[in-house]
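One letter stands for each residue in the lines below.
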Amino acid sequence: MDVASRISTLAKNAGGSGIRRVFDLAAKLKDPINLSIGQPDFPVPDSIKDAAIDAIRGDRNGYTPTQGIPPLRERLITHIARDLGWKIGADDAAPAMIVTSGTSGGLMLAAMALLDPGDEMIVPDPYFVLYPFLGQLAHAKAVPCDTYPDFRLTAERVAPLITERTKAILLCSPGNPSGVVSTKRDCEELLKLCRERGIVLISDEIYDEFAFSDATTDVAAGDASWKRCPSPARLKGAEDSVLLIRGFGKTYGITGWRMGYAAGPKPLIDAMQRLQQYTYVCAPTPFQYGSIAALDVDMAPIVAEYETRRDMVVSRLREVTEVATPGGAFYAFVTIPERMKMSGAQFFEKCAEKLVLVVPGGTFSRRDTHFRLSFATARPKLEQGLDVLVGLMRG
């Protein structure tokens, strides 16, 4: 049988992640300076590892309820209430919550729950590599919204793209690949637009705990929750229109555990739960127990260290090019100077020749005028990499 001729159009169109291709290249090089992968470089706190190990040894290795184990759900419900004021499960009209297999799992469930063939979802450009594929997954369309040069998804930019088939708008703040954080005004105007047009606002907040001290500039000093990380989910009544998606992987260094959660309107969460029964079944059981312990760990010192790395990256690169200041996450999306007359793919090749790995901007965008740098790497390596990058762009 010619199996190749039987492969679905969806799988053929998926291609390969540009990030994973760089990851594979890194495995072949001897001692590269890898500034490409969004993988935290700090060790997982022992208390988190111990909790997962204890779960495994305690024979907690079977299936769990699809929506997650009760102890983790209780902790998350309390956390969301304190952070956002949402009353999860208070009554039939209240928002609901589900534990997911990573934030990517949550996003895929959301796309399948919301989109019918021919429907549309607006996503930022540049985008996390999964976003365009979410539309294809549901036989729908992910409509890119140009956010250059400041990488902010605003109501003004989104509004002209809305059609009668628009079901959702996907916001990522802090963003990947830019690290840029939405302002409070951005959140207010975007949610207002979604409410007026009957559109679900999906807020991908995988980096919510990785927001820096200067994440936003339009919030009063006394507005503590907004100062920590602006989110449309903080607005009054947002739980009726916002699907919140968060996770544990980036904050606690457990990206391989695939642990996330989603909260929002009960009908949507119920639909996602039904779909999870037939796809992921449940999030990994021992890691659900490990995630309970994660909620007791203070990662502020780690985030502060990453902020100093951010400062170094921005300071060095602005000697030779333009870079929007990352307010969170651990990326910078860097402009390749026009005078170099070079695409992101070409610049990547020049960097790889010097054993420095970045990701071409075309991996995240319809444009290929930038590259993504991850500063989730040891400071000596980061300094070496910046020397190479600055040298290449200075010419």
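None of these values were measured; they are calculated from a predicted model.

Rules used throughout
- Residues numbered from 1 in each chain as written.
- Predicted model: local features only at pLDDT ≥ 70, side-chain atom pairs only at ≥ 80, totals over all residues.
- Heavy atoms only, no water.
- Patch = residues over 30% accessible without salt bridge, like charges linked within 9 Å, V, L, I, M, F, W, Y side chains within 5 Å.
- Areas by Shrake-Rupley, 256 points an atom, 1.4 Å probe, with all protein chains shown as cover.
- Salt bridge = Lys/Arg side-chain N within 4 Å of Asp/Glu carboxyl O.
- Helix = DSSP H or I, 4+ residues; strand = E, 2+ residues; numbered from the N terminus.
- Expected span 1.5 Å × (residues − 1).
- Buried < 20%, exposed > 50% of the residue type's maximum accessible area, 1.4 Å probe, protein only.
- Arc of directions from axis to C-beta.
- Pairing = 2+ DSSP bridges.
- Axes fitted to C-alpha atoms, helices over the stretch in contact; angles between N-to-C directions.
- Contact = heavy atoms within 4.5 Å.
- Left-handed = near helix turned anticlockwise from the far one by under 90°.

### Here we look at a nonpolar patch on the surface
Then, in step 1: Residues Met1, Val3 and Ile7 make up a contiguous nonpolar surface patch of roughly 360 Å² in combined accessible area.
Then, in step 2: Mapping Met1 onto the fold places it in the segment before helix 1 (9-14).

### A closer look at helix 8 (residues 184-197)
Then, in step 1: For helix 8, built from 14 residues, the straight-helix expectation of 20 Å at 1.5 Å per residue is met to within 8% by its first-to-last C-alpha distance of 20 Å.
Then, in step 2: Every buried residue of helix 8 is listed here: Asp186, Cys187, Leu190, Leu191, Leu193 and Cys194. Viewed end-on, helix 8 has its buried residues packed into an arc of 160 degrees, placing them on one side of the element. Facing away from the buried side of helix 8, by more than 90 degrees, are the exposed residues Arg185 and Glu196.

### A short note on the sheet that holds strand 7 (residues 242-247)
Then, in step 1: Reading across from one edge, 2-8-7-6-5-3-4 is the order of the seven strands in this open sheet, with mixed pairing throughout. Every other strand in the sheet has two partners, leaving strand 2 (96-100) and strand 4 (141-146) as the edge strands with one partner each. Strand-to-strand twist across the sheet, computed as the mean angle between neighbouring axes with direction ignored, equals 20 degrees.
Then, in step 2: The sheet contact formed by strand 3 (residues 120-125) and strand 4 spans six bridges and is parallel. Note on strand 4: the bridge partner recorded for Val123 is Pro144.
Then, in step 3: Lying on the sheet, helix 8 is in contact with strand 5 (166-172), strand 6 (200-204) and strand 7; it crosses strand 6 at an angle near 145 degrees.

### Examining the packing of helix 3 (residues 46-57) against helix 12 (residues 285-294)
Then, in step 1: At a minimum axis separation of 7 Å, helix 3 and helix 12 run at an interaxial angle of 150 degrees. Pair helix 3 / helix 12 crosses with right-handed handedness. Contacts between helix 3 and helix 12 involve Ser47, Ile48, Ala51, Ala52, Ala55 and Ile56 from the first element and Pro286, Phe287, Tyr289, Gly290, Ala293 and Ala294 from the second.

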